[in-house]
Amino acid sequence: MIKWLLIGLGVIAGVLIVISVSGALGGTNAPVIASDAIVSSDIGAQDKSSVAQEAMTATPQEMSATAPLAPSVSVSASVKTPTFSAPMEFPVGERIEMIAAADFNNDKKADVAAVRDTSNMLSLLLGDGSGKLGSPLNVDLSPNPISLAVADFNGDKNADIFVALSGNNTYHVLLGDGTGHFKKNDYRLRDSESVVAADFNGDSKQDIALLTRVATVRVLLGNGDGTFTSKDSKDVKSTMCDSPKALATGDLNKDGRADLIVANCGSEISVLLGNGDGTFEPAVGYSAGTTASGLVGVAVGDFNKDGKLDVLKWHQKDGLIYLLLGDGTGKLGVAAFFEVRAGCCNLKDVAIGDFNSDGNLDVVSSGPAGRSSEEIAIFLGDGTGKFSAPVLMNAGFPGVIGPNYIAVGDFNNDSRTDIALGCNAGTMNGVKVCTNSIILLLNTTK
């Protein structure tokens, strides 16, 4: 995947949960709350307000068919640049396929969950609140875990994990006991690409939406005890392809109901407005990005601080991150973009948070360029939908492998947004690169 492109955001026990997913993957938890920090944006070479106004008067069909792409406008040099500690490495033992940050043991300290590739295992590294992670606590999974979502599925105020699997028509529900341990329950289900969690029918119980490989969204309503009942299925086939890649959720039309956003493998985004009973309106498509094949990701947040959720989409192959501003009625505006680096390739993962403590949401991406994949790039938002040029930072492990997956959280309880990276082992010119580890970068911005 990138395997993890950010898709969802929520809060459990006071800790921000950000799950990143890409490509075939999609992980998330609750509907995104803009003030918590899933946000990024850009707005184009045109004036932002004029672009947004145009979008609000256009129909979805018009925006999908004719919307031109506008390059991003950088903010002034006065935006404060964030600083971070030297990278700290915490070995996991095998290749990492996904990571998520949340408080899994109810101690109000952020932890990291990592899915391991070879052994099909989930490893939980508990945080101590000082910026250090413990030795992995492991949970066996069935083969081919492809996406996960974190939420409280049985109402006991402990973080649980929903794991979707590819190829064996199964999913796991890992019910947390509040100490960092889980009880695993297995269920039968068709292949899926991406998963998000939210309350889709207004009963205050966490539900699941799954994006399948046959281009449908399937809804599983939570029963409040960690089990689910199948509710609805919607066709989300794109004009570009029949294999959508990533899923996000949020309330785009401000009616108090969770909606769904689908990133297809081509340039299209599909929006499905929720009816509040676990069903959704037919998908409406919007144009964003290239038609190239490859992995994509999607996220939602209020990128210009107007109280309306917007949509962020990225594509592994073209190295561009696209923003579509929401108008608060469920419609999206003209896609604008910002570039990680000229000629970029192999964009791996994206996450969102306020990294310079100015109250505006920023964007961080991994693998900015094929020749410099040890770097991460941070785009600093000014709260109007504009971003700075990328601030490139070395994650401490040079080479072509470098950090792959990103999650954010406050790992040392100083109220600053830190960065966790999943880094897979490799060699470059005979030198070992990383060690299949979680890398923590602690935010030291003053």
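Model, not experiment: these values are computed from the prediction.

J.: Could you clarify how one ought to interpret the overall build of the protein in this entry?
T.: Broken down by element type, the protein carries two helices and 33 strands. Here the protein holds 446 residues, and 63% of them are scored as buried. Taking as baseline every contact in the protein between residues at least 6 positions apart, the subset at least 24 positions apart corresponds to 54%. When the accessible surface of the protein is summed, it comes to about 14600 Å², and 50% of that surface belongs to carbon and sulfur atoms.

J.: Please explain the side chain of Asp103 as it appears in this structure.
T.: Along the chain, Asp103 turns up in the loop between strand E5 (96-102) and strand E6 (111-116). Buried charge Asp103 goes without a salt bridge, the closest partner of opposite sign being Lys108 at 6.2 Å. Of note is the side chain of Asp103, whose polar atom sits 2.8 Å from the backbone nitrogen of Lys108.

J.: I tried to follow the sheet that holds strand E25 (residues 349-353) on my own but got confused; where do I start?
T.: By definition, the strands of a sheet pair up through backbone hydrogen bonds, in either a parallel or an antiparallel sense. Read across the open sheet, the four strands follow the order E25-E26-E27-E28; overall the sheet is antiparallel. The sheet is open, and its two borders are formed by E25 and strand E28 (391-394), each paired with just one other strand. Strand-to-strand twist of the sheet, defined as the mean angle between neighbouring strand axes without regard to direction, takes the value 25°. Two elements, strand E26 (residues 362-366) and strand E27 (residues 375-379), share four bridges in a ladder whose sense is antiparallel. If you follow Val364 over to E27, its bridge partner there is Ile378.

J.: So what exactly am I meant to see when it comes to the pattern of salt bridges here?
T.: In a structure, side chains of opposite charge can pair up when their charged atoms sit close to one another. All told, the structure shown has two salt bridges when counted by the stated rule. As a salt-bridge pair, Glu94 and Arg116 come within 3.3 Å of each other at their nearest N and O atoms. With Glu94 in the loop between strand E4 (88-91) and E5 and Arg116 in strand E6, this pair connects stretches of sequence that are 22 residues apart. Note on Arg116: relative accessible area 10%, which makes it buried. With a shortest N-O distance of 3.0 Å, Arg416 and Asp414 are connected by a salt bridge. By relative accessible area, Arg416 is classed as partly exposed at 22%. The exposure class of Asp414 is partly exposed, given its relative accessible area of 23%.

J.: In this structure, what is going on with the confidence of the model for the protein? I would like to understand it.
T.: Fine structural detail should not be taken from predicted coordinates in areas where pLDDT scores are low. Across the protein, the average pLDDT comes to 76, with 70% of residues at 70 or higher. With pLDDT under 50 throughout, residues 1-77 is counted as low confidence; its partners more than four residues away or in other chains account for 323 contacts.

J.: What am I meant to see in the nonpolar core here?
T.: Soluble, globular proteins show a tendency: their nonpolar side chains are buried together. Counting 20 residues, the largest nonpolar core has Ile261, Ile269, Val298, Val311, Leu324 and Leu332 as the members making the most contacts within it. Looking at this core, the elements that each hand over two or more residues are strand E17 (246-250), strand E18 (259-263), strand E19 (268-272), strand E21 (296-301) and strand E23 (320-324). Those residues in contact with Ile261 that lie beyond four places of it in its chain are Ala246, Leu247, Ala248, Thr249, Gly250, Leu252, Ile269, Ser270, Val298, Val300 and Val311.

J.: Would you mind showing me how to read the packing of aromatic side chains here?
T.: Between two aromatic rings, the relevant description is the distance of the centres plus the angle of the planes. For the structure shown, the criterion picks out nine aromatic pairs. Judged by centre distance (6.5 Å) and plane angle (55°), the rings of Phe84 and Phe355 are tilted. Residue Phe84 is located in the loop between strand E3 (70-71) and E4, and its partner Phe355 is located in the loop between E25 and E26; the two are separated by 271 residues in the primary sequence. When sorted by exposure, Phe84 lands in the same class as Phe355, which is buried. Relative to Tyr171, the ring of Phe162 lies with its centre 4.6 Å away and its plane at 20°, an arrangement referred to as stacked. You'll find Phe162 and Tyr171 in the same group, each marked buried. Connected via pairs of aromatic rings, a cluster forms that spans Phe153, Phe162, Tyr171, Tyr187 and Phe228.

J.: Can you walk me through the sheet that holds E18 in this structure?
T.: In space, the four strands of this open sheet follow the order E17-E18-E19-E20, with antiparallel pairing throughout. For this open sheet the edge positions go to E17 and strand E20 (284-287), each flanked by a neighbour on one side alone. Going from strand to strand, the sheet's axes swing by 25° on average, the running direction of each strand aside. The pairing of E17 with E18 spans five bridges and is antiparallel.

What counts and what doesn't
- Residues numbered from 1 in each chain as written.
- Predicted model: local features only at pLDDT ≥ 70, side-chain atom pairs only at ≥ 80, totals over all residues.
- Heavy atoms only, no water.
- Helix = DSSP H or I, 4+ residues; strand = E, 2+ residues; numbered from the N terminus.
- Buried < 20%, exposed > 50% of the residue type's maximum accessible area, 1.4 Å probe, protein only.
- Contact = heavy atoms within 4.5 Å.
- Areas by Shrake-Rupley, 256 points an atom, 1.4 Å probe, with all protein chains shown as cover.
- Lys, Arg positive; Asp, Glu negative; His and termini not counted.
- Salt bridge = Lys/Arg side-chain N within 4 Å of Asp/Glu carboxyl O.
- Polar contact = N/O pair within 3.5 Å; in protein donor to acceptor, adjacent residues only side chain to side chain.
- Pairing = 2+ DSSP bridges.
- Axes fitted to C-alpha atoms, helices over the stretch in contact; angles between N-to-C directions.
- pLDDT = per-residue confidence, 0-100.
- Core = buried A, V, L, I, M, F, W, Y, C linked by side-chain atoms within 4.5 Å.
- Phe/Tyr/Trp six-rings, centres within 6.5 Å; stacked < 30°, edge-to-face > 60°.

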